[in-house]
Amino acid sequence: MKEFMLIFRIKDIADFKPTPEQIQERLNWLAGIAAQNKLVDQGNSLSPFPESAKTVRPDNEVTDGPYTEIKEFIVGYIIVRAETIDEAVEMAKENTIFKLGGNIEVREVIKHKLH
Amino acid sequence: MTGQRFRNNSLLGDLFRQEYPKMTAVLCRRFGLEHIEIAEDIISDAFLKASEYWAVHGVPENPAAWLYTVAKNKAKDHLKRISLFETRIAGHIKPDEEEAESDFGFGSGYIGDSQLAMIFAVCDPGNSAQSQICLALQILCGFSVEEIANAFLTNLETIKKRLYRAKTQLRDSRFQIRTLSAASIQSRLDTVLKTLYLLFNEGYFSKTNDQLIRNELCAEAMKLALMLTDNPLTDNAQTKALLALMCYQGSRLEARAADTGEMVLFEEQDQSLWNQELIEKGNYYLVNACQGNEVSKYHLEAAIAYWHAHPASPDRWRHILQLYNQLILIEYSPIAALNRAFALARVYGHGKAILETEKLGLTGNDQYHKLLGYLYEVTDVGKAIDHYRLALQLTRASPAKQVLERKIEALNK
């Protein structure tokens, strides 16, 4: 089994505060992965608001908010267990983030070993 | 173990079950856990003497006190022999005479403390779950090896081996039973709660059909959990939540006996058989367990049991699904995954639940096939029968088999 990180992105900062129905749908989805014993890490949400998101660039330049040159920003991540990336993609497809025009990036986790 | 031979004599049998755990706890606290066999021998001797002496002279006025006195004297004799050996033969410094002569304090306060200490001594994280339950049944609940073997549907030799290994581990761990500190309690409380949880489940979901054994296992687990809530050192939110869970489940034991190993559809149980008093106790402990912010798996399971005990609430399956979602995120288990899928069927319909259940891939699990059989009954009788047949192949207990056979037969018509 390999591990994959699912990285969630949305476009509109207003969508970061989900409705009770959205919370229920997300929890159903997440628990569905856990019920298959394929959830490695519940992950965390990442606050996109300017007071809790900064971007540091070369020459000590610090800007407010997540990286602003792209039109969307990361709001969270989880880690799942799957045989192949396609299986992880199938899990991602059932998430409701797409209704918000968001997207999910699926990335295989390469574990660092301490030598 | 001599427990079985007193079972014919109901007074001695009852006394054995009640007093053996207390006496073992008190003597072990005095001798140290490494000498648990000596404590067990002394107590068995006391019971043997009782069976002989009472048969001739009649039962004394206070049988328990009589047993305690005999055990105390035998223990003192043993300590004298040890001290003789140590001073004269091994040449050690003379041990404190007063300690050897000290009272064994079979007073109720001391017994309570000793039993609590014994619970923590027995629940050694180094032992496997199965060994721990066996050990708890023997030492904390006074079950004989035969009774344990019956409860587990296994043979005497297996249980004896498990107990032997478990006791070796106890001796090697050098757990200090005499001075049970707040620190050692904290380090073991999780294991203790887990053991009591398993002990209760062993009764509630027991493989055996013997209703008496099932009830007794549940009652013993509740007694021990109650003991934990009575002591400020061990009475925390998780302990209360666990006891609440046991109260709710326990309230349905009688109604469960009426059903025959069916996947428990609470709607189908005769609710007049539910024990309202226990449900109220469950409510009491659950409310108290939820004073802080802690949400353990015992809280979630107790909350699920709460909703099952209140079938009139229209929104309860939505709550139950939500609780199973949280539970599965805390700790994966096949049974939680299947119960969650069942709740999903109640909230979103069988179609969605089938999709979710088939993803679980628990193809070697009879409950998995039973659930799929149930979910397919309405839409695809052929598939329902296939799954019930697979469940039948994987089921060993005969009442559960009969239920499946009847279902297949009904669907075939």
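Calculation criteria
- Residues numbered from 1 in each chain as written.
- Chains lettered and ligands numbered in written order.
- Predicted model: local features only at pLDDT ≥ 70, side-chain atom pairs only at ≥ 80, totals over all residues.
- Heavy atoms only, no water.
- UniProt positions renumbered as here; feature names shortened; annotations may be inferred.
- Helix = DSSP H or I, 4+ residues; strand = E, 2+ residues; numbered from the N terminus.
- Buried < 20%, exposed > 50% of the residue type's maximum accessible area, 1.4 Å probe, protein only.
- Contact = heavy atoms within 4.5 Å.
- Lys, Arg positive; Asp, Glu negative; His and termini not counted.
- Charge placed at Lys NZ, Arg CZ, Asp CG, Glu CD.
- Salt bridge = Lys/Arg side-chain N within 4 Å of Asp/Glu carboxyl O.
- Core = buried A, V, L, I, M, F, W, Y, C linked by side-chain atoms within 4.5 Å.
- 1 Å grid on protein atoms, 1.4 Å probe; cavity = no way out; pocket = protein on both sides within 12 Å on 5 of 7 lines; lining within 4 Å.
- Points joined across faces, edges and corners; volume = space filled by probe spheres on them.
- Buried area = accessible area lost by both parts, 1.4 Å probe.
- Nonpolar A, V, L, I, M, F, W, Y, C, P; charged D, E, K, R; others polar.

Chain B has the name DNA-directed RNA polymerase sigma-70 factor in an unreviewed UniProt entry, where Dyadobacter endophyticus is given as its organism.

An unreviewed UniProt entry lists chain A under the name YCII-related domain-containing protein, from Dyadobacter endophyticus. Reading the Sequence similarities (unreviewed entry) entry of the UniProt record for chain A gives the comment "Belongs to the YciI family."

(A) Geometry of the overall build of chain A. Across its full length, chain A carries 2 helices and 6 strands. The secondary structure elements of chain A, listed N-terminal to C-terminal, are β-α-β-β-β-β-α-β. Looking at chain A as a whole, 39% of its 115 residues are labelled buried. Counted over contacts in chain A with a minimum sequence separation of 6, partners at least 24 positions apart contribute 74%. For chain A, the distance from the average site of its 15 positive side-chain charges to the average site of its 19 negative ones is 2 Å.

(B) Here's a closer look at the pattern of salt bridges. All names here are of chain B. Following the criterion strictly, the structure yields 22 salt bridges over all chains and no others. Between Arg 17 and Glu 216 there is a salt bridge; the shortest N-O distance is 1.8 Å. With a gap of 199 residues between them, Arg 17 in helix H1 (residues 10–31) and Glu 216 in helix H10 (residues 211–229) connect regions that are remote in the sequence. Salt-bridge contacts for Asp 315 lead to Arg 318; the nearest nitrogen and oxygen are separated by 3.8 Å. Judged by its relative accessible area of 38%, Arg 318 falls in the partly exposed class.

(C) Representation of the side chain of Asn28(A) within the structure. You can see Asn28(A) is positioned in helix H1 (residues 20–35). The buried category is assigned to Asn28(A), whose relative accessible area is 10%. When near neighbours in sequence (up to four residues on either side) are disregarded, Asn28(A) contacts Leu321(B), Gln322(B), Asn325(B), Arg340(B) and Tyr348(B).

(D) Expanded view of the nonpolar core. Judged by nonpolar contacts, the single largest core of 94 residues is most densely connected at Leu67(B), Met118(B), Ile119(B), Phe120(B) and Leu137(B). When residues in this core are grouped by element, the largest group, 10 residues, is from H1(B). Membership of the second largest hydrophobic core comes to 63 residues, among which are Ile104(A), Leu321(B), Ala336(B) and Ala384(B).

(E) Just empty space enclosed by the protein, in detail. Residues and elements named next belong to chain B. Overall, the coordinates contain 2 cavities of 30 Å³ or more when judged by the stated rule. For the second largest cavity, the full set of lining residues is Pro 21, Ala 25, Gln 115, Met 118, Ile 119, Ile 139, Leu 140, Leu 224 and Met 227. At the level of elements, H1, helix H5 (108–122), helix H6 (129–140) and H10 are the ones that each hand at least two residues to the lining of the second largest cavity. A total of 3 residues in the lining of the second largest cavity trace back to one element, the largest contributor, which is H5.

(F) Structural context of the interface of chain B and chain A. Listed per partner, the contact involves 12 residues of chain B and 13 residues of chain A. For the pairing of chain B and chain A, the buried interface totals around 1,300 Å² over both sides, and the portion due to carbon and sulfur atoms is 54%. It is Leu329(B), Tyr332(B) and Lys359(B) that lose the most area in chain B upon contact with chain A, and together they represent 44% of the buried surface on that side. Across the contact surface, chain B and chain A share 1 salt bridge.

(G) Local environment of the layout of surface pockets. Residues and elements named next belong to chain A. The space that makes up the second largest pocket amounts to roughly 580 Å³. In this structure, the second largest pocket is lined by 21 residues; those nearest its centre are Phe 8, Arg 26, Leu 30, Ser 45 and Ile 78. Elements with a contribution of two residues or more to the lining of the second largest pocket: strand E1 (2–10), H1, strand E2 (39–45) and strand E5 (73–82). Broken down by element, the lining of the second largest pocket gets its largest block of residues, 5 residues, from H1. The residue inventory of the lining of the second largest pocket, partitioned by class, reads 13 nonpolar, 6 polar and 2 charged.

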